[in-house]
Amino acid sequence: MENFQTTLGQVNIASIVIFFMFVAISLFITYWAAKKTKTTSEFYAADRSISGFQNGLALAGDYMSAASFLGIAGMVALKGYDGLIYSIGFLVGWPLVMFLIAEPLRNLGKFTFADVVAFRLKQRPVRIASSFGSLSTIIFYLIAQMVGAGSLITILFGLPYEVAVIVVGLVMISYVLFGGMLATTWVQIIKAVLLLGGATFLVIMTLSRFGMNPLNLIEKAAAMYGDKVLAPGGFVTNPWDAISLGIALILGTAGLPHILMRFFTVPNAKQARKSVFIATGFIGYFYILTFVIGFGAMVLVGHEAIAGIDKGGNMAALLLAESVGGQFFLGFIAAVAFATILAVVAGLTLSGASTLSHDLYVSVFKKGKSDEAGEVKVARMATLLIGALAITLGLIFKGQNVAFMVGLAFSIAASANFPSLLLSILWKRFTTRGAVASIVTGAGLAITLIILSPTVWVDIFKNESAIFPLKNPALFSMSAAFLVGIIVSLFTKEEEAMIKFEDEKLRTYLGIGAE
Amino acid sequence: MSTKSDKAQEIVNSEKFKKLVKKRLSVSLTLTAVVLFVYFGFILTVAFYKDLLAYKIGEHLTIGLPIGIGIILFAWLLTGLYTYWANHSYDKSVREFRDQILKK
């Protein structure tokens, strides 16, 4: 560990070769998928041809972003146990997706989760409101990913930031534009396998230094940095903050549009259920690996070297890869991290494009009257639009602190998307006005409160003290969204929606008439 | 909007179907409550009694570590439990109802 020298930031041949192989293979898949992507069902939902197991891997691929791989490994490397608290929050949302959302969503929806929210309510107001929730979640998430991609690639490959953002944008656009959901799904699957394989190998190489026993590694870490690395530390400064963040993490997962959209790619509710089981298993396994990787970096690379390269510790996993596997393995893990970003932004872009074309253009602007070929064309144009937006925002936010945007995306998802979706599935008396009021309240409060919070008001706008005390608004914005949704619904009766709720029970519970 | 056959209507109103819906909701909501209880129990412990998680069970090892990893495994096992219930019990009833409606 003494004077650990890294080649990070220099041109790494292995990394470039592996990355180009990934791009070549994924573009070949896109070419194959393009031939099968002509109808709306093919473009948005891979013609519902994805199996439960494949979708489970793809869901895991969508969820395991480079931010969670590098970020959580880094947090564990620098702070120890606190990183695990984050992982637990990210994982525990999945059982809730399964118990509450996955099957009714699959049975009632067609291409987007707004299909389900608007199912028995008035289409136009609900679609407009839920598109607002959906698009703001996607855009904040995209900004965080694009800026992360630019900075990561600058460190990894020595490429200029702008070039990196444009390359990521163009490759990702071509997956979605030509190959639609089928190509996007296979890119996710390949990336998930590479990431899980790479992380497993990294863990094995690390543990081989500790007699294959993780306990030896952990004891060594405690001996070096003190017992505090094995217990909760600075994660909680304010208990309410911890609760609010917890809500955003677990309920946000159940409201992420690009995750929810994946449930329409499987043939039925049974496969939807299976895909959550598979995804939860892989994601949980991945977080356990990340925990070991973090401790490995702490011991084998050391705090000083990790924080010396990046204050947040984001390079910990890569430094560990170099330390246990040399330059070639560093190149491999770096290429995998790059591929990970590509896959995640592709998933986000596809779901943003479907919101624009399916929810806004067809259901609101064309009042549901649109022909197949026309809608696919619009969806492709929407893809170009969202892709261009992602590149532009990536360039605008260069050098900005955007880490809070992932938290913001999760808060909006938990406050705007999740309450309306859950109430529309479970509650007979939910009304159009209730839904619109709930979504507007949730999204509006989440955005306003985060601007007034210490994360933005103090850290970014450099004010002395924050107007809203918590770093994460979900506790308030989510509760308010539920309350407003319920109160407004109780005051506005909607007979038709109540009749449809009973009528469609065969579809919700038995899948009869599902798309 | 109701384009369903009388048969379908009859099933929606039948006690047996209502019982199935109720059963499903109670399984989903119970499991949800268990997950929320375990997770927020953990977060509240982190927030208010974090010394409990620092309790040593080895030379350096704390109890917080197996508990943390345990919650991840537990969450996954619950999804497995639900899948098992749904595949074996729920889907069987679903198939019976579907046969009644679709095969006339």
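In this text the structure is predicted, and so the values were computed from the model without any measurement.

Quick notes on the rules
Residues numbered from 1 in each chain as written. Chains lettered and ligands numbered in written order. Predicted model: local features only at pLDDT ≥ 70, side-chain atom pairs only at ≥ 80, totals over all residues. Helix = DSSP H or I, 4+ residues; strand = E, 2+ residues; numbered from the N terminus. Rg over C-alpha atoms; globule rule 2.2 N^0.38 Å. Buried ≥ 20, exposed ≤ 12 C-beta atoms within 10 Å, placed from the backbone. Contact = placed C-beta atoms within 7 Å. Axes fitted to C-alpha atoms, helices over the stretch in contact; angles between N-to-C directions. Left-handed = near helix turned anticlockwise from the far one by under 90°. Nonpolar A, V, L, I, M, F, W, Y, C, P; charged D, E, K, R; others polar. Core = buried A, V, L, I, M, F, W, Y, C linked by C-beta atoms within 7 Å. Parallel < 35°, antiparallel > 145°, perpendicular 65-115°, else oblique. pLDDT = per-residue confidence, 0-100. Expected span 1.5 Å × (residues − 1). Bend = angle between axes of the 7 residues up to and from the residue.

For chain B, the count of helices and strands is four helices and zero strands. Put simply, chain B runs from its N terminus to its C terminus through helices and strands in the order α-α-α-α. What you see for chain B is a C-alpha radius of gyration of 22 Å, clearly larger than the 13 Å of a compact globule of 104 residues, by over 25%. Expressed along its principal axes, the backbone C-alpha trace of chain B runs to roughly 70 × 25 × 20 Å. Within chain B, the proportion of its 104 residues that are buried is 26%. A fraction of 56% describes how many contacts in chain B between residues 6 or more apart in sequence connect residues 24 or more apart.

What follows deals with the overall build of chain A. In terms of regular secondary structure, chain A is built from 21 helices and zero strands. Its C-alpha atoms give chain A principal-axis dimensions of roughly 70 × 50 × 40 Å. Scored against the burial criterion, the 515 residues of chain A give a buried share of 65%. In chain A, the proportion of contacts linking residues at least 24 apart, taken out of those at least 6 apart, comes to 83%.

Residue and element names in this part refer to chain A. Across the interface, helix α10 (residues 239–253) lies against helix α16 (residues 403–426) with an axial gap of 8 Å and an inter-helix angle of 65°. Seen from above, α10 lies across α16 with left-handed handedness. Residue-level inspection shows I247, A248, L249, L251 and G252 of α10 in contact with α16, the latter providing G407, F410, S411, A413, A414 and F418. For the contact of α10 with α16, the residue count by class is eight nonpolar, three polar and no charged.

Here the focus is the nonpolar core. Judged by nonpolar contacts, the single largest core of 226 residues is most densely connected at A:A297, A:A317, A:L320, A:I333 and A:V345. Among the elements that take part in this core, helix α14 (residues 316–365) of chain A stands out by supplying 28 residues, more than any other. By size, the runner-up hydrophobic cluster in this structure holds seven residues, among which are A:Y509, A:L510, B:A8 and B:I11.

For the rest of this paragraph, the subject is the interface of chain B and chain A. Accessible area lost upon the coming together of the parts serves often as the stated size of an interface. Each partner contributes to the interface: chain B provides 47 residues, whereas chain A provides 46 residues. Going through the elements one at a time, α1 (6–13), α2 (15–48), α3 (50–53) and α4 (64–102) of chain B are the ones with two or more residues in the side of chain B that touches chain A. Element by element, the count of residues in the side of chain B that touches chain A is highest for α4(B), at 20 residues. Across the side of chain B that touches chain A, the residue classes tally to 31 nonpolar, 10 polar and six charged.

All names here are of chain B. Between α1 and α4, whose axes approach to 9 Å, the crossing angle comes to 150°. Between α1 and α4, the angle is such that the two are roughly antiparallel. Across the interface between the two elements, K7, A8 and I11 from α1 touch F97, Q100 and I101 from α4. Of the residues belonging to the contact of α1 with α4, the class tally is four nonpolar, one polar and one charged.

When pLDDT is averaged along chain B, the result is 89; 94% of the residues meet or exceed 70. Across the interfaces of the predicted complex, the ipTM metric reaches 0.94, alongside a pTM of 0.94.

Below, the discussion takes up unusual backbone geometry. Residues and elements named next belong to chain A. For A46, which is not glycine, the phi torsion reads 50° and is therefore positive. Secondary-structure assignment places A46 in the loop between α2 (40–45) and α3 (52–63). Within the chain, R48 stands out as a residue other than glycine whose phi angle is a positive 55°. Position of R48 relative to the elements: it lies in the loop between α2 and α3. The exposure class assigned to R48 is partly exposed, which follows from the 18 C-beta atoms found within 10 Å.

Right, let's talk about the environment of A:M478 for a bit. Residue position: A:M478 is located in helix α19 (residues 474–491). Apart from the residues lying within four places of it in its own chain, the contact partners of A:M478 are A:I247, A:L251, A:A414, A:S415, A:P419 and A:G442.

Assignment of secondary structure puts A:V276 in helix α12 (residues 269–300). Among the residues examined, A:V276 registers 27 C-beta atoms within 10 Å and is labelled buried. Taking the C-alpha atoms as reference, A:V276 lies 9.0 Å from A:F53; in sequence the two are 223 residues apart. For A:V276, the contacting residues outside a window of four places in its chain are A:W94, A:V97, A:M98, A:A102 and B:T79.

Further remarks concern α3(A). Residue and element names in this part refer to chain A. The first and last C-alpha atoms of α3 sit 16 Å apart over 12 residues, in line with the 16 Å expected at 1.5 Å per residue. Counting buried residues along α3, 11 of its 12 residues qualify, which places the element largely inside the surrounding structure. Within α3, burial applies to G52, Q54, N55, G56, L57, A58, L59, A60, G61, D62 and Y63. Those residues of α3 hidden inside the fold are in contact with α8 (161–207), α11 (257–261), α12 and α14.

Further remarks concern the environment of A:L389. All names here are of chain A. In this fold, L389 is placed in helix α15 (residues 372–396). For L389, a count of 19 C-beta atoms within 10 Å corresponds to the partly exposed category. Along the sequence, L389 and G169 sit 220 residues apart, while their C-alpha atoms lie 9.5 Å from each other.

Before going further, it helps to examine helix α5 (residues 81–108) of chain A. The first and last C-alpha atoms of α5(A) sit 41 Å apart over 28 residues, in line with the 40 Å expected at 1.5 Å per residue. Along α5(A), the largest kink reaches about 50° and is centred on A:V97.

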